[in-house]
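# Structural features, examined
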Amino acid sequence: MDTFLSEKKRQAKQLDFLIFIQNINLRGGTEVMALNLCRFLNDADLKAKILSIEAPLSPDERLMSFENAEREEYHSRCSNALNKFISPNRHQKFLKKILEKKITKLSPRIFVTFTYDLMGAIPKTKACFSCGVLHWSVTGYEKSLWDITKRKNILHRWISIFVLRRTQAYNRKALASLDRLITLTDRGANEVLSLHPDIVKSSIRVIPNFIPYNKQQYPISLQNNDNVVYVGRLSSEKGVYLLLDIWKKVNILSSSLALTIYGEGPETDKMKELIALHKIRNVIFKGYSDSLDDIYKNADLLINTSYSEGFGLVYIEAMQYGVIPLSFDCPVSPRELIGDAGILIPCFDTEAYASTIVNLLKNKTLMKVLQDKCLSRAKDFYINPIIKRWKNLLEENITLS
């Protein structure tokens, strides 16, 4: 009876966190962290749900989405070419009206958005306070958009530059209107302060991503597999063509090493074409996997080739298995996360990256030293202390205007 009454009380409890995300069906690090955060907030006796614009592919009581009519109208506004030119952020203004209704209906104490491009749509309301989670380096993300724009023909480039400048200014200014900005690292916090003069340090909290355990759970790599793994979205900003260039150079230095690629994305087919064209050997595509054991237990090194990383959850996941991470020393997180538990390579020296991979795998003494440091570093990201930081948001005395 006591258990029944406790559960009824919980069901009647006000929603503590409403986590807003563009598409929960995407299986990247942002979506995984949204699901994990929702799960562990509820485990900590806080009531949390996720609101996705796109309908979830699988039913889950923790997941909600827009109504079909809302979603269709939103997509119509997003895809309207004239809207993009005249008012690039009109879709955000429409989205704000929908979110105002959702907040009124669900009455969350904290509204959290995981999607940077939609932070300008978060309504300012006394009903709850707003948090934006910055999962990436904003400047790195913006640079990737500018790089795409530069590759367009002259007319499309001019239009894209006009739209991108307005959108960038709008998004940066929107950050200053949020009650809290959550960054994943201290370096990320410093970057955010530089984005707009109205952003104040007192609004920023550093809350890292986490490993969903409080003790060692995984089998530790034996470091004898000659297997290097890449884990991530196969898209241009992730440096996947740098990845292929590195592995082409590794082929010259060693014939025995294998590169196993876990992930999906828009560049998959092009990558396979280039591998065939340049006769790059020992590359295996595994697609998406939600089994960390399958990815890491038979891996020796994790390599990351991103142009920028807001956090890089894969570093932490790999270290939990004693798999040593290698990364370009890009903004904003690798240096802070990896520390002395892995190796940073100057941006974007593919020659140095390839030789580092081959030489490190030959040095079993250094491999063991780094593996021990990996296991120790992973403990800093166990779940309990990080969930406590989220709980502290509810306890802060925030005056809403």
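Let me sum up the structure you'll find in this document. None of these values were measured; they are calculated from a predicted model.

## Section: the overall build of the protein
When helices and strands are counted, the protein shows 16 helices and 13 strands. Computed over the C-alpha atoms, the radius of gyration of the protein is 22 Å, within 12% of the 21 Å expected from 2.2 N^0.38 for a compact globule of 401 residues. When its C-alpha atoms are laid out on the principal axes, the protein stretches across 65 × 60 × 40 Å. In the protein, which comprises 401 residues, the share counted as buried stands at 50%. Counting contacts in the protein only where the partners sit at least 6 residues apart, residues at least 24 apart contribute 69% of the total. Per element, the accessible surface of the protein, about 19200 Å² overall, is 52% carbon and sulfur. Treating the 56 positive side-chain charges of the protein as one cloud and the 43 negative ones as another, the clouds have centres 4 Å apart.

## What about the sheet that holds strand S13 (residues 343–345)?
Sheet strands associate in pairs through backbone hydrogen bonding, adopting either a parallel or an antiparallel arrangement. With parallel pairing, the six strands of this open sheet are ordered in space as S10-S9-S8-S11-S12-S13. On the outer flanks of this sheet lie strand S10 (283–287) and S13, each paired with one strand and no other. Averaged over all pairs of adjacent strands, the angle between strand axes in this sheet comes to 25°, irrespective of strand direction. Sitting on the sheet, helix H10 (residues 268–277) is in contact with strand S9 (258–262) and S10, with an inclination near 165° to S10.

## Notes on the nonpolar core
Tyr296, Ile357 and Trp390 are the most contacted members of the largest nonpolar core, which has 87 residues in total. In this structure Ile357 touches Val228, Ile246, Trp247, Val250, Leu257, Leu301, Ile303 and Leu326, once residues within four positions along its chain are discounted. Listed in part, the 29 residues of the second largest apolar core include Ile53, Leu95, Tyr116 and Val138.

## A closer look at the pattern of salt bridges
Summed over all chains, the structure comprises 16 salt bridges. With its nearest N and O atoms 3.4 Å apart, the salt bridge here joins Lys373 to Asp340. Of the two residues, Lys373 sits in helix H15 (residues 364–378) while Asp340 sits in the loop between helix H13 (334–338) and S13, which places them 33 residues apart along the sequence. Lys373 sits in the partly exposed class, given a relative accessible area of 34%. With a relative accessible area of 52%, Asp340 lands in the exposed category.

## Examining the sheet that holds strand S1 (residues 17–21)
One open sheet holds the seven strands; their spatial order is S3-S2-S1-S4-S5-S6-S7, and the pairing between them is parallel. Looking at strand neighbours, the two that pair on one side only are strand S3 (63–65) and strand S7 (204–206), the edges of this open sheet. Ignoring strand direction, the axes of neighbouring strands in this sheet form an average angle of 25°. Here three bridges tie strand S6 (residues 180–183) to S7, and the two strands are oriented parallel to one another. Its bridge partner being in S7, Leu181 is matched across the sheet by Ile204.

## Here's the deal with the packing of helix H9 (residues 240–253) against helix H14 (residues 350–362)
Orientation of H9 relative to H14, taken along the N-to-C sense of each, is 50°, at an axis distance of 8 Å. On the basis of the axis angle, H9 is oblique to H14. As H9 packs across H14, the resulting crossing turns out to be right-handed. For the pair formed by H9 and H14, the contact residues are Leu242, Asp245, Ile246, Trp247, Lys249, Val250 and Leu253 on the first element and Thr350, Glu351, Tyr353, Ala354, Ser355, Ile357 and Val358 on the second. Partitioning the contact of H9 with H14 into residue classes produces nine nonpolar, two polar and three charged.

## Structural notes on the state of the cysteines
Each disulfide consists of a covalent bond between the sulfur atoms of two cysteine residues. A complete count under the given rule lists zero disulfides for this structure. Just so you know, Cys38 is unpaired, no disulfide at all, and the nearest cysteine sulfur is the one on Cys131, 15 Å from it. Not part of a disulfide, Cys131 finds its nearest cysteine sulfur in Cys128, a span of 9.1 Å. What makes Cys131 buried here is its relative accessible area of 0%.

## Quick notes on unusual backbone geometry
Cis rather than trans, the peptide bond between Pro331 and Val332 has omega equal to -5°. When you line up the elements, Val332 lands in the loop between strand S12 (324–328) and H13. Note the cis peptide between Cys347 and Phe348, where omega equals -15°. Of note, Phe348 is situated in the loop between S13 and H14.

## Quick notes on the side chain of Arg71
Turning to its location among the elements, Arg71 is positioned in helix H3 (residues 68–79). One buried charge, Arg71, has no salt-bridge partner; the nearest side chain with opposite charge is Glu54, at 4.2 Å. Each residue touching Arg71, except ones within four places of it in the same chain, is listed here: Ile53, Glu54, Ala55, Ser65 and Phe66.

## Notes on the packing of aromatic side chains
Enumeration according to the criterion identifies twelve aromatic pairs in this entry. Seen in terms of ring centroids, Tyr116 and Tyr141 are 6.1 Å apart; in terms of plane orientation they differ by 90°. Their pairing is edge-to-face. Here Tyr141 lies in helix H6 (residues 138–150) and Tyr116 lies in the loop between strand S4 (110–113) and strand S5 (129–134), a separation of 25 residues in the sequence. A connected cluster of aromatic rings, assembled from ring pairs, spans Tyr307, Phe328, Phe348 and Tyr353. Positioned above the aromatic ring of Phe285, the side-chain terminus of Lys272 is 5.1 Å from the ring centre.

## Topic: helix H12 (residues 313–320)
Taken across its eight residues, H12 has eight buried, putting it largely inside the fold. Buried residues of H12: Leu313, Val314, Tyr315, Ile316, Glu317, Ala318, Met319 and Gln320, and no others. Directly after H12, the chain includes Gly322, whose backbone phi takes a positive value near 75°.

The rules behind the values
- Residues numbered from 1 in each chain as written.
- Predicted model: local features only at pLDDT ≥ 70, side-chain atom pairs only at ≥ 80, totals over all residues.
- Heavy atoms only, no water.
- Helix = DSSP H or I, 4+ residues; strand = E, 2+ residues; numbered from the N terminus.
- Rg over C-alpha atoms; globule rule 2.2 N^0.38 Å.
- Buried < 20%, exposed > 50% of the residue type's maximum accessible area, 1.4 Å probe, protein only.
- Contact = heavy atoms within 4.5 Å.
- Areas by Shrake-Rupley, 256 points an atom, 1.4 Å probe, with all protein chains shown as cover.
- Lys, Arg positive; Asp, Glu negative; His and termini not counted.
- Charge placed at Lys NZ, Arg CZ, Asp CG, Glu CD.
- Pairing = 2+ DSSP bridges.
- Axes fitted to C-alpha atoms, helices over the stretch in contact; angles between N-to-C directions.
- Core = buried A, V, L, I, M, F, W, Y, C linked by side-chain atoms within 4.5 Å.
- Salt bridge = Lys/Arg side-chain N within 4 Å of Asp/Glu carboxyl O.
- Parallel < 35°, antiparallel > 145°, perpendicular 65-115°, else oblique.
- Left-handed = near helix turned anticlockwise from the far one by under 90°.
- Nonpolar A, V, L, I, M, F, W, Y, C, P; charged D, E, K, R; others polar.
- Disulfide = S-S within 2.5 Å.
- Phe/Tyr/Trp six-rings, centres within 6.5 Å; stacked < 30°, edge-to-face > 60°.
- Lys NZ or Arg CZ within 6 Å of the ring centre and 35° of its normal.

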